[in-house]
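As a plain string of letters, each chain reads:
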Amino acid sequence: MSTRPPHTQQEPTAAPGDAAAPRGFVQRVVRGRPEDPRWARPALLALLVVTAALYLWDLSASKYANQFYSAAVQAGSVSWKAFFFGSSDAANAITVDKPPASLWPMELSVRLFGLSSWAVLVPEALMGVAAVGVLHATVRRRFGAAAGLLSAGALALTPVAALMFRFNNPDAMLCLLMVCAVACVLRALEAGRTKWLVLAGVCFGLGFLTKTLQAWLILPALAVVYAACAPVRLPKRLGQLLLAGLALVVSGGWWVAIVELLPASARPYVGGSQTNSFLELTFGYNGFGRIDGNERGSVGGGHRGGGMGGGWGQTGITRLFSSDMGGQISWLLPAALILLVVAVGVLWRARRAVDAERAAQRTEFLVWGGALLMTFTIFSFMSGIFHQYYNIALAPYVAALVGMGSVLLWRRGGRLARGVLAVVVAVTAVWSYVLLDRSPQWLPWLRWVVLVLGLLAAVGLLLTAGPASGDGARSAADGDPAADDGEGDAARGSASVPGRARQRVGVVAGVAAGLGVATALAGPLAYTLDTVNTPKGGSIITAGPAVQGGGGFPGGGPGRMAWKGGRGTMPMPGGTGGQGRTGRGFPGGAGFPAGGGFPGGQKGGAAGHGGRSHGAGGGGGMGGLLNGASVSDQAKRLVERDADRYTWAAAAVGSQNAASYQLATQKPVMAIGGFNGSDPSPTLAQFQRYVAEGKIHYFIVGERGGFRGALGGAEGKRAAGRGMPGGGMPGGGADKGPATQISTWIEKTFKKVTVGGATFYDLTQRTA
């Protein structure tokens, strides 16, 4: 049985004899397959070029983006041991709090081209282009070129996708791998081919090495659909699933086995864990802790009870439509859900023996829809750490369902199908208005244009609806609703209208459909253009302009916070300026100390025009928790002095503080306590031994203070009493955690010097 869907062989638009004529490589690339419509391949190439330009535009403006990961990339580019383990520094003190797979493409790029923001971020942008291309190819196989282009375009213009494919967090690579995994499962479903299911298992295994258990959110849904719908006997299906599971375990478990079996002394400490165990990290902080909120070593968050969900925002079915989340992902989410339900209903009566193509289409809706519903449900109700950019995981599923469902109903024709499309267009226009209205000072005209034109498009679709024509009925009976790839279908719903009137109705229907697509994508396009024109940096980032009613930290992140109920904004320091956001402040509504100061950083500045902050980078946001500090030339020269004589040129509490100096000097800087400063590594005894052996030169307190014990002594205790960085955060209070113990010992033992606005302790010079 051929693996190519029947309908792809029924789209002959080339001249007679063209298919048999030999064609060169360039012609095949530009023209595509002989059975493709002539416009299909040029349109795809244009989409990929535009996507690449969009994701690469002014990419270096974000500098090193998330310095936490960029420092690990720098370390892996000079040390193969750091490359393998995902260490934060080339001396391998501690790893990042994720597996290392997402770092490997960036580290190879830096090894080839040298350390720069382009070398770090271009691999992420190329992953975005690849994800768009794979999604197009996957949807196009069963639903035709028009559906493939619509799905691919919707993914490319999803704001959170444009955000993360220009950033160096693991989510970009995870999104690409999940699209590839779904594509492989769908290929396996076409003819029950084992190799495709095994390849899907490999994708899930690599996804685990990218972002642990998040890669497996959609695994149950895909496994159930394959077990129920694969065109082979049940025993073979189960055997194939076992083989795919084995491929998953091998491709994702080999690295875990090495890390767990090696003695702790032979590898770096596992960042993010409290027991130096990757399995603990996987099932705790990065695993079930994200679901129930019980995350040891986390900052903020946690389950609060009382129906309030987690400290990382209100949970519930409306979470992804809220002010914080809506503009990131939900533009087409209502449309995707409506089209999923209607399409499955329309195709449900298909019998495999009579209507195999429609049954296969139904299966594809079940695969994409199952992936969407699983991810949507978990994201909506998880009580642990949850950031807006996580929503990139939903983007390909939403885009695929919109493209497939819209084209399926358009080709089907008839009052019911056109009526559903009209509802989808109207709902999308109204919801786009709501999302745009959350930023009333930003492009205020756009929301009205989208609303009015969207409703006009919906009316146009309703007015041109009519009974399904014979062509539509025949194509459905043949199991190929997409037989002619949409050409000539504009007037199908009005086939009973004779002559020129029918042509006019067809033109109106086509214009209405095009207008509907344009208005549906106008809001996401505007958000995406704003995103690519705004530098992004730090640990928590969002797409698009400032919005009213946002959740603050951890809802808005650096540069996107404002006090609850206020119109003014208070940008977080560090890195580039962001956009103001009305929010609820710190988790639990506690806010920050009076005066708006930030330990280790600068005071929040005033918002600029349109809520956009123009504050310069000072110390790291939240004292280096959310972003690194700005390193002065004087401080850089100090750390570089005699750095090659030491294992670590310096040490600092928290990965972001350490990352700033490591990227500036390209010398190893130890991150005490890992990302949050709460990991028990190194202990005070270990650190004292390193100092006695002459392995560390400086201890960096940071600009205007430090955080989580880096302040030391009385300053650290006062910060702890406020529940702020500097002590008293998760992982131990100001008098308990190793980071606090180390900083207190250093303060009492070594000489302090201030250089370039930053405070250092020379660990080779003891006080008298």
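Undergrad: Any chance you could break down the pairing of strand S5 (residues 758-766) for me, citing the residues and the numbers?
TA: Here 6 bridges tie strand S4 (residues 750-755) to S5, and the two strands are oriented antiparallel to one another. Bridge pairing in S5 places Lys 751 opposite Asp 762.

Undergrad: Explain the packing of helix H3 (residues 67-76) against helix H23 (residues 655-665) to me, and be specific about the residues and the numbers.
TA: Running from N to C, H3 and H23 point in directions that differ by 50°, and their axes come no closer than 8 Å. Considering their axes alone, H3 and H23 lie oblique with respect to each other. As for the relative orientation of H3 and H23, their crossing is left-handed in sense. Contacts between H3 and H23 involve Gln 67, Phe 68, Ser 70, Ala 71, Gln 74 and Ala 75 from the first element and Ser 655, Gln 656, Ala 659, Ser 660, Gln 662 and Leu 663 from the second. Residues belonging to the contact of H3 with H23 are distributed by class as follows: 5 nonpolar, 7 polar and no charged.

Undergrad: Describe the nonpolar core, listing the residues and the values that go with them.
TA: In terms of nonpolar packing, the biggest core is built from 156 residues, with Leu 189, Leu 222, Phe 365, Trp 368 and Phe 379 touching the most fellow members. Take this core: its biggest share by element is 15 residues, from helix H9 (residues 171-191). Those residues in contact with Leu 189 that sit more than four places away from it in its chain are Val 225, Tyr 226, Cys 229, Ala 230, Pro 231, Thr 363 and Val 367. Listed in part, the 19 residues of the second largest apolar core include Met 670, Phe 687, Ile 742 and Ile 746.

Undergrad: Any chance you could break down the pairing of strand S2 (residues 669-672) for me, citing the residues and the numbers?
TA: With burial as the criterion, each face of S2 is covered, one bearing Val 669 and Ala 671 and the other bearing Met 670 and Ile 672. Bridging between strand S1 (residues 648-653) and S2 involves 4 bridges; their strand directions are parallel. The residue of S2 that forms the bridge with Ala 650 is Val 669. Crossover S1 to S2 through H23 is right-handed.

Scoring rules and cut-offs
- Residues numbered from 1 in each chain as written.
- Predicted model: local features only at pLDDT ≥ 70, side-chain atom pairs only at ≥ 80, totals over all residues.
- Heavy atoms only, no water.
- Pairing = 2+ DSSP bridges.
- Helix = DSSP H or I, 4+ residues; strand = E, 2+ residues; numbered from the N terminus.
- Axes fitted to C-alpha atoms, helices over the stretch in contact; angles between N-to-C directions.
- Parallel < 35°, antiparallel > 145°, perpendicular 65-115°, else oblique.
- Left-handed = near helix turned anticlockwise from the far one by under 90°.
- Contact = heavy atoms within 4.5 Å.
- Nonpolar A, V, L, I, M, F, W, Y, C, P; charged D, E, K, R; others polar.
- Core = buried A, V, L, I, M, F, W, Y, C linked by side-chain atoms within 4.5 Å.
- Buried < 20%, exposed > 50% of the residue type's maximum accessible area, 1.4 Å probe, protein only.
- Right-handed = clockwise from strand over helix to strand, strands pointing away.

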